[in-house]
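Summary of structural features
Each chain, letter by letter, is given below.
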Amino acid sequence: MTEKDASSEKIISDAMADPSPAKSMGDPGITPLSPSHTQNDTDQVPSGPSFVVVVAIDFGTTSSGYAYAFAKEPECIHTMRRWEGGDPGVSNQKTPTTILLTPDRKFHSFGYAARDFYHDLDPSESKHWLYLEKFKMKLHTTANLSINTDLHAANGKRVKALDIFAYALAFFKEQALKELSDQTGGEFDNSDVRWVITVPAIWKMPAKQFMREAAYKSGLVSRENPEQLIIALEPEAASIYCRKLRLHQMVDLGTQTTQNGFSPSDNVGSGMSQASPAAKEHVRRNRQSRTFLVENVIGELWSELEEGDRYVVVDCGGGTVDLTVHQIRLPEGHLKELYKASGGPYGSIGIDYEFEKLLCKIFGQDFIDQFKIKRPAAWVDLMIAFESRKRAAAPDRTNPLNINLPFSFIDYYKKFRGHSVEHALRKSNVDFVKWSSQGMLRMNPDAMNSLFKPTIDHIIQHLTELFEKPEVSDIKFLFLVGGFAESPLLQQAVQNMLQGRSRIIIPHDVGLTILKGAVLFGLDPSVIKVRRSPLTYGVGVLNRFVEGKHPPEKLLVKDGTRWCTDVFDTFIAADQSVALGEMVKRSYTPAKPSQQVIVIHVYCSEKENAGFISEPGVRKCGTLRLDVSGTESTAARREIQTLMQFGDTEIRAMAVDVSTGRTVKASIDFLSH
């Protein structure tokens, strides 16, 4: 095809997303020099400066933590120091994701410290303090997330989500640097750290970008040095760690019963009873120490996998459940994503909501709503009491579970309704929850299990649909990771669904799997070789108008030439495989040689093939503005190269004026509307 082949001439239209964006613009646009769709250079991205240490932060819905490894001893992963505080019956390798701000909105504390301080405040005082928990879910559930999205504190006051996330990251930065300084015996410099933050794979791009913005705001890394921070996907991190598993570091549900499940004090569950004394000793030692040795070998389990074998990682956290399908590529054992990440908001907090619904049924929605606002600290207490009982739920449990009601709940209810909590329980038609004379709610095990049912049903339904996909046949292993994976009820449901089709593997310390994998990912990000693009990306162009092919309302006549406006020129399609660091290049030229500024708009859509940028669901997510004023091009037609680099959790775009070497970069922006 020659340059003169006018039918293929495309012009980048400076187009917004109104019905016919391009018609409202006076921008003459640019046309392609050559069909340069084919140049996909998989140049490896330069790895940037070397780091002394990698610190990974697992910012969870319910709990958070960090872990680190020094580049010179990558096989030693250290998890963070023991936190102050802690809950009876709940192991605390991580700290609750809770944050407290003073009445004048300054950061006060995070984790157990925030919760305990808030709890000890007098109710008259506590209503002025801003306490937030489980706020990460807001990034998943907000449809049009932006830098200005708000969160609600326990007292009902609004705060900027970005501030809260930045405060939390700044807290982890301070904790980690303090610990590193103590370890190395000197002031540890932040510029020596490569930071990794984990996010759910099913998060949309705005949520992933939001995390990066919060990191900039918190001072974790600077905008000038973006490669110091890697945004890692939670199931990918888990997958990387699972490759290293040795047999004594996991439980294979296929070879044992889950009768007694995992007791919270001992994450190893019943699988340990058949283990050798040496393995038991190893686990005992590991539990005391905060350092995990990751041997530089592939684990025994992994050595059973052959080229092309597939496995599924089911990451069950507090807020979301993420399902990812990976395939092995030998000899290095790189990972390839076979099917784009799926899942949904089916994490363990769903069980908390069910418990809240149950309380509303017994005591009335009006009372519960009031109680949460008037006695927020006591509400937090009640949910903590529920948490430890929630962890005691098991399929074959026969004895009831007792949940302590805080005194102020009993007291406030009497004031509110004029009769006792006991009376309310007798009067409600909820027959499986009784009042015990010690001031507790007594739930029979079936009642507790029914609170799990909606959440577990969602997960099982999703897994069932996933296993029906052609890309998801012959799955060798299913790795169950994340804090919720400890639930014997969930384990049993997954076992019943799979009917022995895949082996179910649960790593020990399953709540730390993602954290440890994120550290390994930070040490070697190239281990994930191929991802699936979650969106279709392209630019808005003008094509020569063809009668009968293009819709008449898209006709635009300029200088006697008939153009079809608003054409979506695809760079990469949703669910297409993308190698890490893959570049897609196109060459364009200004339609008018005298053009001073060349504007290229980047669009994205969840649909695989978008025809026009004005279609519903297509949104502008980036703009490249190349100023070519004051420069002469020797060539007859000035060549403007447009490059998009995919495969990282971020997408970068670039335009280059070939004759002068002038370059403009843009990071694709999903947060501005």
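All values derive from a computational prediction rather than experimental measurement.

1. Notes on the nonpolar core
Most often, soluble globular proteins have nonpolar side chains that are buried together. Grouped together as the largest cluster of nonpolar side chains are 99 residues, with contacts concentrated most on Phe363 and Leu478. Among the elements that line this core, the one with the most residues is helix α14 (residues 445-467), at 10 residues. Apart from residues no more than four positions distant in its own chain, Phe363 is found in contact with Ile368, Phe409, Tyr413, Arg417, Val421, Ala424 and Leu441. Within the second largest apolar cluster, 49 residues are counted, among which are Phe70, Phe135, Ala176 and Ile197.

2. What about the sheet that holds strand β9 (residues 107-110)?
Strands sit in the order β9-β8-β10 across an open sheet of three strands; the sheet is antiparallel. Either end of the sheet is taken by a strand with one partner, and the two such strands are β9 and β10 (130-133). Shown here is a sheet whose adjacent strand axes are inclined to one another by a mean of 20°, direction ignored. Strand direction decides the pairing type here: strand β8 (residues 98-101) and β9, joined by three bridges, are antiparallel.

3. Here we look at the sheet that holds strand β22 (residues 440-443)
Reading across from one edge, β20-β22-β21 is the order of the three strands in this open sheet, with antiparallel pairing throughout. Where the open sheet ends on each side, the last strands, each with one partner, are β20 (401-404) and β21 (433-436). Across the sheet, the axes of successive neighbouring strands diverge by a mean angle of 30°, strand direction being ignored. Bridge analysis of β20 against β22 gives four bridges, and the strand direction is antiparallel. Bridging from a neighbouring strand, Ile403 pairs with Leu441 of β22. On the sheet, helix α9 (residues 349-363) packs against β20, β21 and β22 and is oriented at approximately 110° with respect to β22.

4. Digging into the pattern of salt bridges
For the coordinates displayed, the defined rule picks out 24 salt bridges. We note a salt bridge from Arg158 to Asp150, for which the minimum N-O separation is 2.8 Å. You can call Arg158 exposed: its relative accessible area is 51%. Classification of Asp150 as buried rests on a relative accessible area of 17%. Through salt bridges with shared partners, a single ionic network connects Lys134, Asp352, Glu387, Lys390 and Arg391.

5. Focus on the packing of helix α11 (residues 376-390) against α14
Viewed as axis vectors pointing N to C, α11 and α14 meet at an angle of 95°, and their least axial separation amounts to 12 Å. Overall, the two elements α11 and α14 adopt an arrangement that is roughly perpendicular. Of the residues in α14, those in contact with Phe386, Arg389 and Lys390 of α11 are Met448, Leu451 and Phe452.

6. With respect to the side chain of Lys390
Position of Lys390 among the secondary structure elements: in helix α11. Its relative accessible area of 7% is what places Lys390 among the buried residues. Looking at Lys390, its side chain comes within polar contact range of the side chain of Asp352, at 2.8 Å.

7. Side note on unusual backbone geometry
One non-glycine residue, Lys134, adopts positive backbone phi at about 55°. For Lys134, the location among the structural elements is in the loop between β10 and α3 (137-141). The partly exposed category is assigned to Lys134, whose relative accessible area is 24%.

How each quantity is defined
- Residues numbered from 1 in each chain as written.
- Predicted model: local features only at pLDDT ≥ 70, side-chain atom pairs only at ≥ 80, totals over all residues.
- Heavy atoms only, no water.
- Core = buried A, V, L, I, M, F, W, Y, C linked by side-chain atoms within 4.5 Å.
- Buried < 20%, exposed > 50% of the residue type's maximum accessible area, 1.4 Å probe, protein only.
- Helix = DSSP H or I, 4+ residues; strand = E, 2+ residues; numbered from the N terminus.
- Contact = heavy atoms within 4.5 Å.
- Pairing = 2+ DSSP bridges.
- Axes fitted to C-alpha atoms, helices over the stretch in contact; angles between N-to-C directions.
- Salt bridge = Lys/Arg side-chain N within 4 Å of Asp/Glu carboxyl O.
- Parallel < 35°, antiparallel > 145°, perpendicular 65-115°, else oblique.
- Polar contact = N/O pair within 3.5 Å; in protein donor to acceptor, adjacent residues only side chain to side chain.

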